[in-house]
Amino acid sequence: MDLPKSNHIKDFFFGLLVPFVPLQRFLNKAYPENATYNLFTTACYTICYVAWVVLFILVSASTAFRAWGWIAYFANAVILTNVRTSFREKYNLRGDILGDFFASAFFYPQVYVQLLEQADILGLPESGHEE
């Protein structure tokens with residue numbers, strides 16, 4: 001088994017701390033023709049991500065925030081599952097929606113690494129950089 005490359009480690013930590021950055025990068029690589037959709041998807045994900053973090057911080061003020069925090073967390077998982085499944089369908093890649101959901105819900109930083117790596121394997125250029 002190969003060790004992770006430095007870009008994999010960087011992408012993992014970006015995915016862990018600011019997941020909307022690798023999400024936008026990936027969407028622009030995979031769907032360069034849909035800039036508005038990419039921005040909208042990233043904005044929705046960002047709002048849910050920030051809400052998830054803030055709502056779990058606010059649990060100390062009221063436990064009712066916990067339920068809303070979980071809703072925001074799983075909304076993120078659904079958004080990322082949609083992105084991952086759409087990418088699999090577009091490029092005829094093996095996988096299933098249940099696996100995509102569990103990976104998106106519990107291993108979301110690694111999902112970004114996998115998506116970006118697969119985009120590189122397919123030779124998808126960075127947005128605005130044609131080969």
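Structure: see above.
Residues numbered from 1 in each chain as written. Predicted model: local features only at pLDDT ≥ 70, side-chain atom pairs only at ≥ 80, totals over all residues. Heavy atoms only, no water.

Undergrad: For empty space enclosed by the protein, give the residues involved together with the corresponding values.
TA: Tallied over the full model, the rule gives 1 cavity of 30 Å³ or more. Approximately 50 Å³ is the volume attributed to the largest cavity. In this structure, the largest cavity is lined by Tyr45, Tyr49, Trp52, Tyr73, Asn76, Ala77, Ser104, Ala105 and Tyr108. Looking at the lining of the largest cavity, the elements that each hand over two or more residues are helix H3 (35-57), helix H4 (64-90) and helix H5 (97-106). (1 Å grid on protein atoms, 1.4 Å probe; cavity = no way out; pocket = protein on both sides within 12 Å on 5 of 7 lines; lining within 4 Å. Points joined across faces, edges and corners; volume = space filled by probe spheres on them. Helix = DSSP H or I, 4+ residues; strand = E, 2+ residues; numbered from the N terminus.)

Undergrad: Now, about the state of the cysteines: what can you tell me, with residues and values included?
TA: This structure, assessed with the given rule, holds 0 disulfides. We note that Cys44 lacks a disulfide partner, and the nearest cysteine sulfur, in Cys48, lies 6.8 Å from it. Exposure remark for Cys44: the relative accessible area of 26% places this residue in the partly exposed category. (Disulfide = S-S within 2.5 Å. Buried < 20%, exposed > 50% of the residue type's maximum accessible area, 1.4 Å probe, protein only.)

Undergrad: Provide a residue-level description of the nonpolar core, including the pertinent values.
TA: Within soluble globular proteins, side chains that are nonpolar tend to cluster in buried spots. In terms of nonpolar packing, the biggest core is built from 23 residues, with Leu23, Phe26, Tyr45, Leu80, Phe87, Tyr108 and Leu115 touching the most fellow members. For this core, the secondary structure elements donating two or more residues are helix H2 (20-30), H3, H4 and helix H6 (108-121). Non-local contacts of Tyr108, meaning those with residues more than four positions away in its chain, are made with Gly15, Leu16, Pro19, Tyr45, Tyr49, Trp52, Leu80 and Ala103. (Core = buried A, V, L, I, M, F, W, Y, C linked by side-chain atoms within 4.5 Å. Contact = heavy atoms within 4.5 Å.)

Undergrad: Before we move on, can you summarise the environment of Trp70 with the specific residues and values?
TA: Relative to the elements of secondary structure, Trp70 occurs in helix H4. Classification of Trp70 by relative accessible area gives partly exposed; the value is 41%. Residues Trp70 and Gln110, spaced 40 residues apart in sequence, show a C-alpha to C-alpha distance of 20 Å.

Undergrad: Provide a residue-level description of the packing of H4 against H6, including the pertinent values.
TA: For the pair H4 and H6, interaxial distance at closest approach is 12 Å and the crossing angle is 25 degrees. Judged by the inter-axis angle, H4 sits roughly parallel to H6. The interaxial crossing formed by H4 with H6 has left-handed handedness. Every residue of H6 that contacts H4 at Leu80, Val83, Arg84 and Phe87 is listed here: Tyr108, Val111, Tyr112, Gln114, Leu115, Gln118 and Ala119. Classifying every residue of the contact of H4 with H6 gives 8 nonpolar, 2 polar and 1 charged. (Axes fitted to C-alpha atoms, helices over the stretch in contact; angles between N-to-C directions. Parallel < 35°, antiparallel > 145°, perpendicular 65-115°, else oblique. Left-handed = near helix turned anticlockwise from the far one by under 90°. Nonpolar A, V, L, I, M, F, W, Y, C, P; charged D, E, K, R; others polar.)

Undergrad: Got a sec to walk through the layout of surface pockets? Specific residues and values, please.
TA: Here the largest pocket is characterised by a volume of approximately 240 Å³. Lining the largest pocket we find 13 residues, and of these Arg84, Arg88, Gln114, Leu115 and Gln118 sit closest to its centre. Residue assignment for the lining of the largest pocket shows that the elements contributing at least two residues are H4 and H6. For the lining of the largest pocket, the residue count by class is 5 nonpolar, 4 polar and 4 charged.

Undergrad: Give me helix H1 (residues 6-17): which residues, what numbers.
TA: Here H1 contains 12 residues, and its C-alpha end-to-end distance of 17 Å stays within 8% of the 16 Å for a straight helix at 1.5 Å per residue. When H1 is considered as a whole, its buried residues turn out to be His8, Asp11 and Gly15. Projection of H1 onto a plane perpendicular to its axis shows the buried side chains occupying an angular sector of 65 degrees, all on one side. Exposed residues on H1 whose side chains face more than 90 degrees from its buried face are Ser6 and Leu17. Those residues of H1 that are buried are in contact with H2 and H6. (Expected span 1.5 Å × (residues − 1). Arc of directions from axis to C-beta.)

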